[in-house]
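# Structural description and commentary
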Amino acid sequence: MHSTSSQPATYVYGVVPAEPFQTGHPPLRVPGIGGHGDPVRTVVLRDLAAVVSDVPGLRVDLRRENLLDHQRVLEEVLHRSDVLPFSFGTVATNDEEVREVLLHDGYDMLCEQLAYTRGCVELEVKVFWERERLFAEIAEESEDIRALRDRIPLLPADEAAAESITLGQLTEREIELKSEWEADAVLDALDPIAVDVLVSPKLSDTMVLNAACLVERVREPELDVVVAALAEERSGRMVFHYVGPLPPYSFINLAFEARG
Amino acid sequence: MGLVTGLLLLPITGPVHGFRLFLERLRDEAEAVLHDEGRAFAELIDLSMRHDAGQLSDAEFSAQEAELLERLSSMRDYREDLLHGDRDEDDRDEDERDEDEREEDERELAGAEPDAHEDSR
Amino acid sequence: MAIAYDRAPAGYDRRAQQAAGGKGGVQKMGGASGLADVLNVILEKGIVIDAWVRVSIIGIEIVTIEARVVIASVDTYLRYAEAIGLTSLAAAPRGSEAIAPPAGLPGLPTGFVGPTEEEILAYLDAHPDGVRLGELQAYFGAEREELQGILNRLVQEDAAVLDAERRLYRPGNVLAPAIP
């Protein structure tokens, strides 16, 4: 790929309104990425600031420690302020580049995105089928599938193989239909509370829903209650992973073009 | 990466035709990679669940997680290469040409006849 | 470096919770225990400096969304068949806990005629904020596949619009809310 530069560079965590981080406010105490206790600081332009820290080179490895460092810095920032997060591993050449290209050139877009997400946080809702229950339900709900299932053991080997594939195809279709139906039910419950909900492609075939909710901070406790109730109703059938609050990663549309 | 040259404005209302064709050519390759990445994310979640359920020791979890993250990392690098592949090749061509020129200069200085060499592509 | 992070923002270490006899269902996670769940978000979303994004944003229908769907293969089908095969061994309780089956409402008389395109469009018009397939299914009592077919036609004719990211159908003449 690119030659690994050994020049110190600037890791960018996110963009914030400058005010809560200026003199008079306590400095950020969380250490920067890399495990060397690099201070997390801000690069300021007008009323915006980028939250940054020094890193030894342009590449940050995909390791748990680095991912957690990135997360912790943003969590700390999120306590105090709205923040537009950068994708993990975003490194600028230096502070100047951060100020001139990110903050200066991106000023209007950044302000607009901050306005759109003002006072909001993101929560992930990932729902998974309990595998055994899923197949049990499918067998229970479909006569055709039950019939085919019961017929196959009685067939000669080659026919059995072909029919098994058919059975698999029917099952796959049922999984799709069931998952969509259930996903809609969950989304319908989240809609009234969330400002917005974005659905991402499922990561596996037994996933029901892979969604990100944008919710006003003050309504987060309401969302907690709704998700807990949804999970309780589906206990034994599905598992809910509910993670947050995060800065609004999924609700930003902003990219800077890289060269070099 | 690191030398940022400009701001790309989003959202984009529709793909430029030529660019879309380029995308469709990349598609098969990219689909495979993205599919694998999706699987890696799913496996990491699964790993985490098994660890939480006590089916994996902390050490086992750490090791397997590191392996999956490594795999994810290579896939992301590959994705970038897919996109930047042409550009890197041009850079390499340039570098090699520069190096050939340098070698030629050195030989001249040393009094030998410059070798007639062809471009290596 | 020690990773120990004892202040989980609004969250719990799931194992500790379970050890303490916490309820199943859901615990809200933050920080370290939820890392796997947020990985696809922190790696793929947020602000990026990356030319790849230009490809995937523009081609997001082509490259990103379709690609993540698990590609079914003979192998997959056989796995499913095996899983279904196992269900004959377990005594299946008559679905008292299962929420309404997706294959359509039971007890529909044969010869039941589903909604027309016009009826569906009228419903969409009455709900410009967007409607989910499940809602249409419940309202019209129709089979999901049939509804899907009608909706696909409507989308092709531009009479309706599908917001794939939110899984909502809208009438074709209403602009989706502007998202930056």
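Check the entry above for the structure.
The sections below set out a description of the structure shown in this document. Since the structure is predicted, the reported quantities are computational estimates derived from the model, not experimental observations. (Residues numbered from 1 in each chain as written. Chains lettered and ligands numbered in written order. Predicted model: local features only at pLDDT ≥ 70, side-chain atom pairs only at ≥ 80, totals over all residues. Heavy atoms only, no water.)

### A word on the overall build of chain A
- When its secondary structure is counted, chain A shows seven helices and 10 strands.
- Whereas a compact globule of 260 residues would reach a radius of gyration of roughly 18 Å, chain A reaches 24 Å, over 25% beyond that.
- Along the first, second and third principal axes, the C-alpha atoms of chain A reach 75 × 45 × 30 Å.
- Residues classed as buried in chain A amount to 59% of the 260 residues present.
- Excluding contacts between residues fewer than 6 apart, the proportion of contacts in chain A whose partners are at least 24 apart in sequence is 75%. (Helix = DSSP H or I, 4+ residues; strand = E, 2+ residues; numbered from the N terminus. Rg over C-alpha atoms; globule rule 2.2 N^0.38 Å. Buried < 20%, exposed > 50% of the residue type's maximum accessible area, 1.4 Å probe, protein only. Contact = heavy atoms within 4.5 Å.)

### Some thoughts on helix α1 (residues 64-80) of chain A
- Between its terminal C-alpha atoms α1(A) stretches 25 Å, which fits the 24 Å expected from 17 residues at 1.5 Å a residue.
- Buried residues dominate α1(A), accounting for 13 of its 17 residues. (Expected span 1.5 Å × (residues − 1).)

### Topic: the pattern of salt bridges
All names here are of chain A.
- What the rule picks out here adds up to 32 salt bridges over all chains.
- Across the pair Asp-61 and Arg-59 runs a salt bridge, and its minimum N-O distance is 3.7 Å.
- The partly exposed category is assigned to Asp-61, whose relative accessible area is 39%.
- One connected set of salt bridges, linked through shared partners, spans Arg-133, Glu-137, Glu-141, Lys-178, Glu-182, Glu-233, Arg-234 and Arg-237. (Salt bridge = Lys/Arg side-chain N within 4 Å of Asp/Glu carboxyl O.)

### Side note on helix α8 (residues 144-156) of chain C
- The first and last C-alpha atoms of α8(C) sit 18 Å apart over 13 residues, in line with the 18 Å expected at 1.5 Å per residue.
- Those residues of α8(C) not exposed but buried are C:Arg144, C:Leu147, C:Ile150, C:Leu151 and C:Leu154. The buried residues of α8(C) all sit within an arc of 130 degrees when viewed along its axis, so they share a single face.
- Taken together, the buried residues of α8(C) touch α6 (157-190) of chain A together with α6 (117-126), α7 (133-140), β3 (160-163) and β4 (168-171) of chain C. (Arc of directions from axis to C-beta.)

### Description of the nonpolar core
- Core analysis: the biggest nonpolar cluster contains 88 residues, and A:Leu67, A:Leu190, A:Leu209, A:Leu223, A:Phe240, B:Leu72 and C:Leu39 have the highest contact counts within it.
- Within the second largest apolar cluster, 22 residues are counted, among which are A:Val43, A:Val52, A:Met109 and A:Leu110. (Core = buried A, V, L, I, M, F, W, Y, C linked by side-chain atoms within 4.5 Å.)

### A look at the environment of A:Ala50
All names here are of chain A.
- Within the secondary structure, Ala-50 is located in strand β3 (residues 48-55).
- For Ala-50, a relative accessible area of 1% puts it in the buried group.
- Residues Ala-50 and Thr-171 lie 121 residues apart in sequence; the distance between their C-alpha atoms is 50 Å.
- Residues within four places of Ala-50 in sequence aside, it is in contact with Gly-14, Val-15, Arg-41, Thr-42, Val-43, Val-98 and Leu-103.

### Re the pairing of strand β2 (residues 41-45) of chain A
All names here are of chain A.
- Judged from the five bridges that link them, β2 and β3 form a sheet pairing that is antiparallel. Among the inter-strand pairings, Arg-41 is bridged to a residue of β3, identified as Val-52.
- As consecutive antiparallel partners, β2 and β3 are separated by two residues, and within that stretch Arg-46 has a phi angle of approximately 50 degrees, a positive value. (Pairing = 2+ DSSP bridges.)

All quantities given are derived from atomic positions and should not be read as evidence of function.
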